[in-house]
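Read off the chains here:
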Amino acid sequence: MFPISSRSKAMIFMLCGSTLISSTGLIIRNMEIAGALEINLFRGISLGLTILLILGIKHKRQTFTKIVAIGKPGLSAAFALAAAGICFLQAITNTTVAETLFITS
């Protein structure tokens, strides 16, 4: 395999992220089993477990000390990310997917 530059990796991640966020709205709109609060709950749980898994793989025994070390700026960022996820899902469920993604972009 040939080495991939940092710029190429970033472009691949941006393409994958854009594709995923575009398809998220359609999946959520077609979901009739769960309401917005339930979807938010399960999205939050899965995001938290995924981050914990990645940190556990990367830092092994120092995982919890790294989590505690984020301090007030890290907690502020976590609350902002949580608020953004909740607002995004509420926007998707109350307006059209196209309007929400246009405003998000």
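Residues numbered from 1 in each chain as written. Predicted model: local features only at pLDDT ≥ 70, side-chain atom pairs only at ≥ 80, totals over all residues. Heavy atoms only, no water.

## Considerations on the overall build of the protein
So the rule is basically this: Segments assigned H or I by DSSP are reported as helices when at least four residues long, segments assigned E as strands when at least two residues long, and all are numbered from the N terminus. With the radius of gyration taken over C-alpha atoms, the globule rule is written as 2.2 Å times the number of residues to the power 0.38. Three labels apply to residues, based on accessible area from a 1.4 Å probe with only protein chains included: buried if under 20% of the type maximum, exposed if over 50%, partly exposed otherwise in between. To measure how exposed things are, a 1.4 Å probe is used in the Shrake-Rupley method; for residues, cover is taken only from the protein chains shown.
When helices and strands are counted, the protein shows 5 helices and 0 strands. Over its C-alpha trace the protein gives a radius of gyration of 17 Å, far above what one expects of a compact globule, namely 13 Å for 105 residues. Its C-alpha atoms give the protein principal-axis dimensions of about 45 × 40 × 25 Å. Counting over 105 residues, the protein shows a buried share of 12%. Total accessible area on the protein is roughly 8,600 Å²; 73% of this is exposed by carbon and sulfur atoms.

## A closer look at unusual backbone geometry
Although it is not a glycine, K60 adopts a positive phi angle of roughly 50°. Along the chain, K60 turns up in the loop between α2 (36-59) and α3 (63-68). According to the relative accessible area criterion, K60 is exposed, its value standing at 62%.

## Notes on the packing of helix α1 (residues 6-29) against helix α4 (residues 71-94)
What counts is decided by this rule: Only the contacting stretch of a helix is used when fitting its axis, a line to C-alpha atoms as for every element, and angles between N-to-C directions run 0 to 180 degrees. Angular relationships are summarised with four words: roughly parallel below 35 degrees, roughly antiparallel beyond 145, roughly perpendicular across 65 to 115, and oblique for the angles in between. For any helix crossing, the convention is left-handed if the near helix is rotated counterclockwise from the far helix by under a right angle, and right-handed if that rotation is clockwise. Note on contacts: a residue pair is in contact if any heavy atoms of the two residues lie within 4.5 Å.
Between α1 and α4, the least distance of the axes is 10 Å, while the angle of their chain directions is 55°. The angle between α1 and α4 falls in the class oblique. In the packing of α1 onto α4, the handedness of the crossing is right-handed. Contacts between α1 and α4 involve I21, T24, G25, I28 and R29 from the first element and F88, L89, I92, T93 and N94 from the second.

## Let's talk about the nonpolar core
The criterion, for reference: We define a nonpolar core as any set of buried Ala, Val, Leu, Ile, Met, Phe, Trp, Tyr and Cys residues linked to one another through side-chain atoms lying within 4.5 Å.
Counting 7 residues, the largest nonpolar core consists of I28, I39, F88, L89, I92, V97 and L101. Taken together, the elements giving at least two residues each to this core come down to α4 and α5 (97-104). Counting residues per element, this core draws most heavily on α4, at 3 residues. Among residues more than four places away in sequence, those in contact with I92 are G25, I28, R29, V97 and T100.

## Concerning α2
We count it as follows: What a helix should span is 1.5 Å times the count of its residues minus one.
Its 24 residues give α2 an end-to-end C-alpha distance of 34 Å, which sits within 8% of 34 Å, the value for a rise of 1.5 Å per residue. Buried residues along α2 sit in contact with α1 and α4. In the segment just after α2, K60 is the residue with positive phi, at about 50°.

## Some thoughts on the side chain of T63
The condition that has to hold: A 3.5 Å cut-off defines polar contacts: any pair of N or O atoms within that distance qualifies, except that in protein one atom must be a possible hydrogen donor and the other a possible acceptor, and neighbouring residues in sequence count only when both atoms are side-chain atoms.
Within the secondary structure, T63 sits in helix α3. For T63, the side chain forms a polar contact with the main-chain oxygen of L55, separated by 3.4 Å. At a separation of 2.7 Å, a polar atom in the side chain of T63 contacts the main-chain carbonyl oxygen of K60. Ignoring sequence-local partners within four residues, the contact set of T63 consists of L52, L55 and G56.

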